[in-house]
Amino acid sequence: MGGDAVRVDTIVAAATPPGRGAVAVVRVSGPDALPFTCALVPVWRSQGTGPSARRATLALLRDPHHDAALDRGLITFFPGPASYTGEDLVEIGVHGSPLLVELLVEALVGLGARRAAHGEFTRRAYLNGKLDLIRAEGVADLIEADSEAAHQVAVHQVEGGLSHRLNEIRSQLLEVEALVMHHVDFPDEDDPPVPLSRILEAAQRVERRLEALLASAPEGELLREGASVVLAGRPNAGKSSLYNALLGEERAIVTAEAGTTRDALEARLSIGGFPFRLVDTAGLRTQARGIERYGIEVAERYLGGADVILLCLSASWSWGEEEEEFLRRWGRNTPLVRVRTQVDTVGAQQVPDWVVEPGTGPVASVSVRTGEGLGQLRGILKDLAFRGIAAKDPAAPVLTRRRQREAVARARDLILGFQGALAGGIPAEAAILDVREAEGALGELVGSVVTDDVLDQVFRRFCIGK
Ligand SMILES: Nc1nc2c(ncn2[C@@H]2O[C@H](COP(=O)(O)OP(=O)(O)OP(=O)(O)O)[C@@H](O)[C@H]2O)c(=O)[nH]1
Ligand SMILES: [Mg+2]
């Protein structure tokens, strides 16, 4: 964090995305936010007045250096500390023209403002104690969310749900520490006021809560990234057709010719409110050569990183050695759905043996012609990738980032180490260091003690103007 000597400057950026629109908003934050803004408004400049606080005021804006009219703007002044950044902050709404926004920003830069870096407004909000680091990350998640589930988790994170849970756990760790101190205060008594068993129980309670949070991490991270679903199977199995049907648009080329798809195609979509990345791949066949062989290698790369695999096979084909080999290679570590495609081409009663083979995971029967089975397949996908989160209370805290998962895992390992040490006869006053370190790891996570590196890492991926 900045030392005393650092003078805080005034920053400026467009808060709305680039491009044309009804309105665009430029934000100015810092000690000179108000004087810089007033310098753009001739009536205020000449009369020495300005906007009233927290009230939108319409005023004509002029660039004082070029003496050129900019636009009539809607100006709202939020005096610090009751503002997003905690500093004096002005929002200037103008017509949504990219050129106008640039001229307005330039005029403010001409007056002495600096163009803001990525996430600098939120970083200032954090440094001024307006929100903790977890909530700041929630702000980024909220902006990026492209599925309802990711949005819900982000809203609760911004509102402080995860921070609250982490702070509860931190105070439980402090309680464990207090118990230990109480325990060691009476070294000569056979019956100390706090028996070891009570300390162990308290430590186990913390451990269970950390475990519960950690259990949410794999799906929480998928909520941000989207679960990758890879379509695989022999040429002409109907993979591209299914890809298009799930996306609801004709994105991939479909032909009756085997080997149509050569490259991997990837698209984001939301299924039942959950985010997915759907990948269409080249048909797998062992005899392939040249460009087709290359397509298969690309497919294999995607299969290696898949969260769910859809192994497609026409309902009229029989299960072969290729499918067996595929299962052996890819089906062990990744959830796999056997998809019977083109079911409209066979009679309803005609169910091949491979469908009823037990123990090989779910089966879906689909037709892109009739739409049959697509809803069921969507349900299976949602279940395989997001069962845990889907079953939870939407307000339950979820870890959505590696930074969060790693800190919580470290705290969990330390508390396990503490329990092991106590059980192994290490004196409690020595073992307590692990508890303190665990508390420190969670403290760093919420941002009560933090280095510039961590801040850079968190705010780098924000957009400018946020
Ligand atoms: N009747 C019927 N035909 C289908 C269905 N799905 C796919 N087809 C047909 O099957 C053929 C192959 O479909 P594709 O989607 O290109 O198959 P693919 O697995 O992507 O094939 P490659 O890219 O060559 O590996 C096309 O002629 C499709 O029209 C279906 O549900 N019903
Ligand atoms: Mg294809």
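This structure is a prediction, so every number in the text was calculated from the model and none was measured.

A. Molecular detail of the site of ligand 1. Around ligand 1, 22 residues are found, and the nearest of them are Gly238, Ser240, Ser241, Thr261 and Gly283. Examining the composition of the shell around ligand 1, we find that 3 residues originate from one element, helix 10 (residues 239-247), more than from any other. Here the shell around ligand 1 is composed, by residue class, of 6 nonpolar, 13 polar and 3 charged.

B. Focus on the pairing of strand 8 (residues 265-271). As paired elements, strand 8 and strand 9 (residues 274-280) share 7 bridges and run antiparallel to each other. Pairing of isoleucine 271 across the sheet is with phenylalanine 274, part of strand 9. In this structure, the hairpin formed by strand 8 and strand 9 is closed by a connection of 2 residues, where glycine 272 is found at a positive phi of approximately 60°.

C. Representation of the sheet that holds strand 12 (residues 363-365) within the structure. One open sheet accounts for 6 strands, arranged 8-9-7-10-11-12; its pairing is mixed. A single partner strand is all that each edge strand has here, and the edge strands are strand 8 and strand 12. Averaged over all neighbouring strand pairs, the angle between strand axes comes to 25°, with direction disregarded. The sheet contacts of helix 14 (residues 374-391) involve strand 7 (227-233), strand 8, strand 9, strand 10 (308-314), strand 11 (336-341) and strand 12, and relative to strand 9 the element is tilted by about 110°.

D. Fine view of the environment of aspartate 132. Along the chain, aspartate 132 falls in the loop between helix 4 (120-127) and helix 5 (133-144). Judged by the 20 C-beta atoms lying within 10 Å of it, aspartate 132 falls in the buried class. Measuring from C-alpha to C-alpha, the distance between aspartate 132 and leucine 377 comes to 40 Å, with 245 residues separating the pair along the chain. Leaving out residues up to four positions away in the same chain, aspartate 132 has contacts with Ser163, Val446 and Gly447.

E. Structural context of unusual backbone geometry. With an omega of 0°, the peptide bond between glycine 80 and proline 81 qualifies as cis. Inspection of the secondary structure puts proline 81 in the loop between strand 4 (68-78) and strand 5 (89-96). Even without a glycine there, the phi angle at arginine 54 is positive, about 50°. We note that aspartate 67 has phi near 45°; this positive angle belongs to a residue other than glycine.

F. Spatial organisation of helix 11 (residues 290-304). Between its first and last C-alpha, helix 11 extends 22 Å over 15 residues, near the 21 Å set by a 1.5 Å rise per residue. Buried within helix 11 are the following residues: Gly295, Ile296, Ala299, Tyr302 and Leu303. Angularly, the buried residues of helix 11 cover 115° about the axis, an arc narrow enough to put them on a single face. Those residues of helix 11 that are exposed and aimed more than 90 degrees away from the buried face are Gly290, Arg293, Glu297, Arg301 and Gly304. Buried residues belonging to helix 11 abut strand 7, strand 9, strand 10 and helix 12 (321-330).

Conventions used here
- Residues numbered from 1 in each chain as written.
- Chains lettered and ligands numbered in written order.
- Predicted model: local features only at pLDDT ≥ 70, side-chain atom pairs only at ≥ 80, totals over all residues.
- Near = placed C-beta within 6 Å.
- Helix = DSSP H or I, 4+ residues; strand = E, 2+ residues; numbered from the N terminus.
- Nonpolar A, V, L, I, M, F, W, Y, C, P; charged D, E, K, R; others polar.
- Pairing = 2+ DSSP bridges.
- Axes fitted to C-alpha atoms, helices over the stretch in contact; angles between N-to-C directions.
- Contact = placed C-beta atoms within 7 Å.
- Buried ≥ 20, exposed ≤ 12 C-beta atoms within 10 Å, placed from the backbone.
- Expected span 1.5 Å × (residues − 1).
- Arc of directions from axis to C-beta.

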